[in-house]
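A structural walkthrough
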Amino acid sequence: MSSDSIKTLQQKLFRGAEDSIQQTDSRDPGLTIQIPKAESAPPGPKPPQKTLKAVPEGLKVQEYDDSTKSYRQRLSEALGVDYCGVEKYRLLQDENRERHWKRWGPYLSDRQWATVREDYSDNGDAWSHFPHEHSRSRAYRWGEDGIGGISDSHQRLCFSLALWNEQDSILKERLFGVTGHQGNHGEDVKEIYYYLDSTPTHSYMKFLYKYPQRRYPYEELVDENVHRDRNVEEYEILDTNVFDDDRYWDVFIEYAKDEDDPDNVYIRITSYNRGPDPATLHIIPQLWFRNTWSWPAKKPPMPSLSAAATDGDISYIKVKHPEMKGNFLCCLPSPPPMGPDGKFVGDEDGVIKPDLLFTENNTNFRRLYGGMNQSVCVKDAFHDHIIPSHRPQRGRSDSQGTDGSNTPRPAESTPTCEAPPQELSFVSSEKCGTKSAAHYIFRDVPGLGGCAVVRLKLTPLSPNKDRSLEDEGVFDDVVEERREEANEFYRSLLFGPISDDLKQVMRQAFGGMLWTKQFYYFVQKEWIEGDPAQPPPPPGRQHIRNKHWRHMHIEDILSMPDKWEYPFFAAWDTAFHCIPLAVVDPVFAKKQLDILTREWYMKPDGQIPAYEWNFSDVNPPVHAWATFRVFKIERKLTGREDIPFLERVFQKLLLNFTWWVNRKDSGGNNVFEGGFLGLDNIGIFNRSEPLPTGGNLRQADGTAWMAFYCLNMMNIALELAKHNAVYEDIASKFFEHFIFIADAMTYKSGEHESSLWNEEDGMYYDAIQFGPGNSVQLPVRSLVSLIPLYATLVLEPATINRFPGFKKRMEWFLDNRPEMSGRNMANMRTGGRGERRLLALASKERLARILEKMLDEDEFFSEYGIRSLSKLHEKKPWGMQVNGDWHEVGYWPGESRSGMFGGNSNWRGPIWLAVNFLLIESLQRFYQYYGDELQVECPTGSGDFMNLVEVAEEIQHRIIHIFGRDIEGKRATNGGNVRLDQDPHFRDYVSFYEFFHGDTGRGLGASHQTGWTGLVAYHILQSGVSCRLPKTPRTPRSLVNHYFDETIDTQSEHGGDAQSTISALELNTLGDISPDAL
């Protein structure tokens, strides 16, 4: 290349920050990457003109002479009044199978090692059988992992990032954390990374990883956490010294798809040196195939990756796979690093070209076990090739132990980067294999914001014909245009003047939920029997777990709770994930709910699988609720009624309901034991095991969950009855089920009756029934006492009158079974607001008594939501002596102090968003019936009375306060960490934890659980307009204005007028809480 050509290339690679700033939405301050600009860099050229390939029939996108028009502008002009945004158009294309926009996405796991699927041990100890030390050398059987990676929807071809700081003893190619045995509160990732942004089609995605420049403290993190007990906070990476003096890299990864071709993926990796001094960084993007050839008896046709170059001397990797069309990974040359002053480091005429490396994605048996390798080059070859200290020493077959293991390790040395001796070739000399990498080295990147950029493109197009490879200005314009389309999409969701900070929280919550999709592969028969080409698993392994799920065959993209700590689906988590997901991608949300009821998931007897550690565990029955809520959210936002989806899932849930009745009501009395029901350690005993006291546990929450299930099934049946009269009879059947279950809250004990309601305390409690006439309540004030509020449904008079058969059966039951319909539930005979009818376990009197405790800040009502256990038990723990052992429940607002269920979650005080969400919706439903007639003191003792929808909104605001900045710029979830709150390179990024401290709101548990914690995005959309700043007093404001009499539509305390009723209706906001929408 000529000198002028090189300078032009450099200028375009570092296109000016001025252009980027002009395109930046001011309401998106923390999500923008500013790439430094060379002093003399001219503006980059605009994208070449393209013609839209797929538009509604009869429409064409004009070919304009003016090439400055963006794809958004061209599509808007082509669609006219039907234009709703580029991303929504892509979602429609994907749904109609015109374009496969979701073929490529963030489907790599964050952790595949130490999962149940990879466990072939004889004792079921997944953590020890496949530890982190093995992950770089051992081929995975059931999936792949990486940092900020993507794959195709069948995970045949994978891409992710590896890094090296010339200090670590291994490449940083996957996220590290302590295992369930090593962590003082169970497994926990020990890295800092953020899912910053994603569109539903993954046309644009952004990820941030913070990589230390010092040696990564693998051993220190393990040793310190192992020696801490459960009463001490976890030892995190920010507690070490590796981030001192800001000596770390901010590594942003962006993905952008071509405007009308989902198979063209632009990849931009931008790394900033935040430290004070120049530093060297190796950026090593990796492309590889999931190993599918080491397991069958007959080896299948092999895929291959090989090196080539374009006429313009751009290196690329050629992809061949028997089940995929051809692809190329084009690895563009990069300019030298640039300082914060806009000047290049070193020779301005030089470019940094990658060294293409190749190996095989095969296990290194020699390193791990002293055996023979199946290929010359193996999975960990890049570690050996790049890091001399990682190479096996003469006479040794093992070099593990460099990341905290107890196995032998090489002598300590400072790693250097030098070519390996010719006699030691670790990578393929023929430049081909099944795993590849592009090795870029950026030396002496200036500190205080110096920058290095790598650009790659995964494409099926011939590299010699792709203009974006020759003109990086075109490349950057594509990325920026996709980002602007993402801005357009998320702006379209907003209603009213929500603060910029809450917009960022919402955007990152949605982005995290979309990033935590994962390719989940599991075939039980093959897993339990072993593979023909591998040694048979130990015989006893067949009896450890999941032996009754032989029908299970999973190969799908699923929503994960957390792709590191919980890289597996969990049925009741999924139900909550689908609520916010339905706002951005109802098709994906519906598929998640539908697929769990399909015959290759659900057992023939109707049981829905819980999670891979034990598919037979019992989670709360929330699937029907989520199904109908997703149906209604889609109807509210799009006007579409997907009756086939609703009916298909409902039919399968009839089987599941029958399973519950047959398996979890052991006495046939409609009192459901259920087990732990997802609430882990909430009880005084492990509720999944036989009671040490003997007798049977009568669970207030188990029975309430089933009443809740009944009402949701009845509600769905009434909706389906609008289209098929057969369902009217089924609705009547579930109405009667509800009455019987409600009656069971007072259960028979021989000739005596015992109740789960405690009249003196005004709460529901579990009870142990030892025999006829012998039972005792367990007076623990926990979520168990509040869950009966979930079982609430309001029937419109129009709905009752529309179905005369249902109405007649309901009235007959009320007339002829007064002993059942008149107790343990609200009075169904009395019409409420608008002559509505209320079906609820809690009568008005009981509701008021429960809310008195729930809204007491000395009991359940925290500044950040509803606690899972009353703070009353901080000073008054409750316990009992059993067989010489003392069992006790006390208020633990933070991490768990016991090892029950692994000790990595705690339901004895912290705040959980999922259960809070259901309480909020229950209060909104109660308001549908009672209206302003029922006012309660909120908080208890404050003298401030509210109706129930205002109480619901107050709880929503307190939950939002976990994540939003307070008046001092602090976020409660950060737990007072000054760096996270104040550092400009941290403060805009939010972590979505699994649960939150009951008093302080500090994030606890899994740190990237943008599964059900992503529900905060829904709260912000529904009530963020009126949300005050955290730690500021609640100011008087006008009462809630309603359209349909039931739309949350309040004036913002940040300023601005409330939106008009007409605009609310037109915008289809989520504020509608009428029975038709809720």
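Conventions adopted
Residues numbered from 1 in each chain as written. Predicted model: local features only at pLDDT ≥ 70, side-chain atom pairs only at ≥ 80, totals over all residues. Heavy atoms only, no water. Helix = DSSP H or I, 4+ residues; strand = E, 2+ residues; numbered from the N terminus. Buried < 20%, exposed > 50% of the residue type's maximum accessible area, 1.4 Å probe, protein only. Contact = heavy atoms within 4.5 Å. Areas by Shrake-Rupley, 256 points an atom, 1.4 Å probe, with all protein chains shown as cover. Pairing = 2+ DSSP bridges. Expected span 1.5 Å × (residues − 1). Phe/Tyr/Trp six-rings, centres within 6.5 Å; stacked < 30°, edge-to-face > 60°. Axes fitted to C-alpha atoms, helices over the stretch in contact; angles between N-to-C directions. Parallel < 35°, antiparallel > 145°, perpendicular 65-115°, else oblique. Nonpolar A, V, L, I, M, F, W, Y, C, P; charged D, E, K, R; others polar. pLDDT = per-residue confidence, 0-100. Polar contact = N/O pair within 3.5 Å; in protein donor to acceptor, adjacent residues only side chain to side chain.

**Side note on the overall build of the protein**
Helix and strand counts for the protein come out as 30 helices and 36 strands. In the protein, buried positions account for 65% of the 1078 residues. Partitioning the contacts of the protein with sequence separation of at least 6, the portion at a separation of at least 24 is 73%. Here the protein has roughly 37100 Å² of accessible surface; of this, 48% comes from carbon and sulfur atoms.

**Observations regarding the sheet that holds strand β9 (residues 261-273)**
Reading across from one edge, β6-β7-β8-β9-β17-β13-β12-β11-β15 is the order of the nine strands in this open sheet, with antiparallel pairing throughout. Two strands lie at the open edges of the sheet, namely β6 (192-198) and β15 (432-433), each paired on one side alone. In this sheet, strand β8 (residues 248-258) lies alongside strand β7 (residues 204-212) in antiparallel orientation, the contact comprising nine bridges. Its bridge partner lying in β8, Leu208 is registered against Phe252.

**Side note on unusual backbone geometry**
Going from Cys938 to Pro939, the amide bond is cis rather than trans, its omega being -10°. For Pro939, the position within the fold is in the loop between β33 (935-937) and β34 (945-947). The backbone of Arg97 sits at a positive phi, close to 60°, despite the residue not being glycine. Unusually for a residue other than glycine, Glu835 sits at a positive phi of about 60°.

**Points about helix α26 (residues 913-930)**
The terminal C-alpha atoms of α26, which comprises 18 residues, lie 25 Å apart, in line with the 26 Å expected from a rise of 1.5 Å per residue. Remark: Gly931 follows α26 within two positions and exhibits a positive phi of approximately 60°.

**Structural notes on the sheet that holds strand β2 (residues 147-152)**
Taken in spatial order, the six strands make up an open sheet running β1-β2-β3-β10-β16-β14, and their pairing is antiparallel. Across the chains shown, the open sheet's two edge strands, defined by having one partner strand only, are β1 (104-105) and β14 (355-359). Sheet analysis places strand β3 (residues 157-164) next to strand β10 (residues 279-289), joined by eight bridges and oriented antiparallel. Along β10, the bridge assignment pairs Cys158 with Trp288.

**Some remarks on the packing of aromatic side chains**
For any pair of aromatic rings, the description consists of the separation of the ring centres together with the inter-plane angle of the planes. Across all of its chains, the model carries 63 aromatic pairs by this definition. A ring pair is formed by Tyr195 and Trp515, whose centres lie 5.7 Å apart and whose planes are at 25°; its orientation type is stacked. Taken as a pair, Tyr195 in strand β6 and Trp515 in helix α12 (residues 500-515) lie far apart in primary sequence, 320 residues in all. The buried category is assigned to Trp515, whose relative accessible area is 1%. Aromatic side chains Tyr266 and Phe475 sit 5.1 Å apart centroid to centroid with 80° between the ring planes, which places their arrangement in the edge-to-face category. Residue Tyr266 is found in strand β9, and its partner Phe475 is found in helix α11 (residues 472-491); the two are separated by 209 residues along the sequence. In this structure, Tyr266 and Phe475 share a single accessibility class: buried.

**A few points about the packing of helix α4 (residues 86-95) against α11**
Interhelical geometry of α4 versus α11 gives an angle of 90° and a closest axis separation of 7 Å. Judged by the angle between their axes, α4 and α11 are roughly perpendicular. Of the residues in α11, those touching α4 at Val86, Glu87, Lys88, Arg90 and Leu91 are Arg482, Glu485, Glu488 and Phe489. When the residues that make up the contact of α4 with α11 are grouped by side-chain class, the tally is three nonpolar, no polar and six charged.

**Some points on the confidence of the model for the protein**
Considering every residue of the protein, the mean pLDDT works out to 86; 84% of them sit at 70 or more. Predicted confidence for residues 395-402 stays below pLDDT 50, and this span has 39 contacts to residues more than four positions away or in other chains. Residue range residues 404-420 is modelled with pLDDT below 50. Its contacts to residues more than four positions away, or to other chains, number 50 contacts.

**Some details on the side chain of Gln518**
With respect to the helices and strands, Gln518 occurs in strand β18 (residues 517-523). Owing to a relative accessible area of 0%, Gln518 belongs among the buried residues under this scheme. A distance of 3.3 Å separates the side chain of Gln518 from the side chain of Ser109, its partner in a polar contact. Here Pro567 takes part through its backbone oxygen, which lies 3.2 Å from a polar atom of the side chain of Gln518.

**Let's talk about the pairing of β9**
In terms of burial, β9 is a largely internal element, 13 of the 13 residues being buried. In this structure, the hairpin formed by β8 and β9 is closed by a connection of two residues. Examined bridge by bridge, β9 and strand β17 (residues 450-459) share nine bridges and lie antiparallel to one another. Considered in β17, the bridge of Tyr266 is made with Lys457.

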